[in-house]
Amino acid sequence: MAQLREQQRKALHVLAYMMLRMGQLDRAGRIYAALAVLAPQNAPDRLALAGVASVAISAGDGTGALDALRTAMSGAALSSRQAVLHLMKAQALWLEGRREEARASLDEYLFLAGGGRSA
């Protein structure tokens, strides 16, 4: 499978983000999904997977978001910048009606982000 050069990957991330912000969910989703597929198998593109999850959350698809987040959150430890994946997971769980799990994921996000436990 072809590998993207770093500049190409960055440009596609920017394009996908712009599409997402403009409400072009289908286009953003296709770009993010392609970026995720083109990432090396041993180093998933967490940003692309977060984009896939964001598109799914925006479309009300909690299950699709959770699938993408499962891969994005596996493997190496999350950086403090990637703690937002826990917040996205909380949103996806909330969409699925899994309120207690959503609250636990929100608490994890708040802990990692330095804000303490939610009320």
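Shown above is the structure to which this text applies.
Calculation rules
Residues numbered from 1 in each chain as written. Predicted model: local features only at pLDDT ≥ 70, side-chain atom pairs only at ≥ 80, totals over all residues. Heavy atoms only, no water. Buried < 20%, exposed > 50% of the residue type's maximum accessible area, 1.4 Å probe, protein only. Helix = DSSP H or I, 4+ residues; strand = E, 2+ residues; numbered from the N terminus. Arc of directions from axis to C-beta. Contact = heavy atoms within 4.5 Å. Salt bridge = Lys/Arg side-chain N within 4 Å of Asp/Glu carboxyl O.

1. Looking at helix H4 (residues 62-72)
Line of reasoning, step 1. Buried within H4 are the following residues: Gly62, Ala65, Leu66, Ala68, Leu69 and Ala72. Summarising the axial view, the buried residues of H4 lie within an arc of 165°, below the 170-degree limit, and thus occupy one face.
Line of reasoning, step 2. Along its buried surface, H4 packs onto helix H3 (46-58) and helix H5 (84-95).

2. What to know about the pattern of salt bridges
Line of reasoning, step 1. Enumeration according to the criterion identifies three salt bridges in this entry.
Line of reasoning, step 2. A salt bridge links arginine 9 to glutamate 6; the shortest N-O distance between them is 2.4 Å. In this pair, arginine 9 and glutamate 6 both sit in helix H1 (residues 6-21), three residues apart, roughly one turn of the helix.
Line of reasoning, step 3. On the accessibility criterion, glutamate 6 (42% relative accessible area) is partly exposed.
Line of reasoning, step 4. Put simply, glutamate 101 and arginine 98 hold a salt bridge, and the shortest N to O gap is 2.8 Å.
Line of reasoning, step 5. Classification of glutamate 101 by relative accessible area gives partly exposed; the value is 41%.

In short, the description is geometric, and any link to function would need to be established separately.
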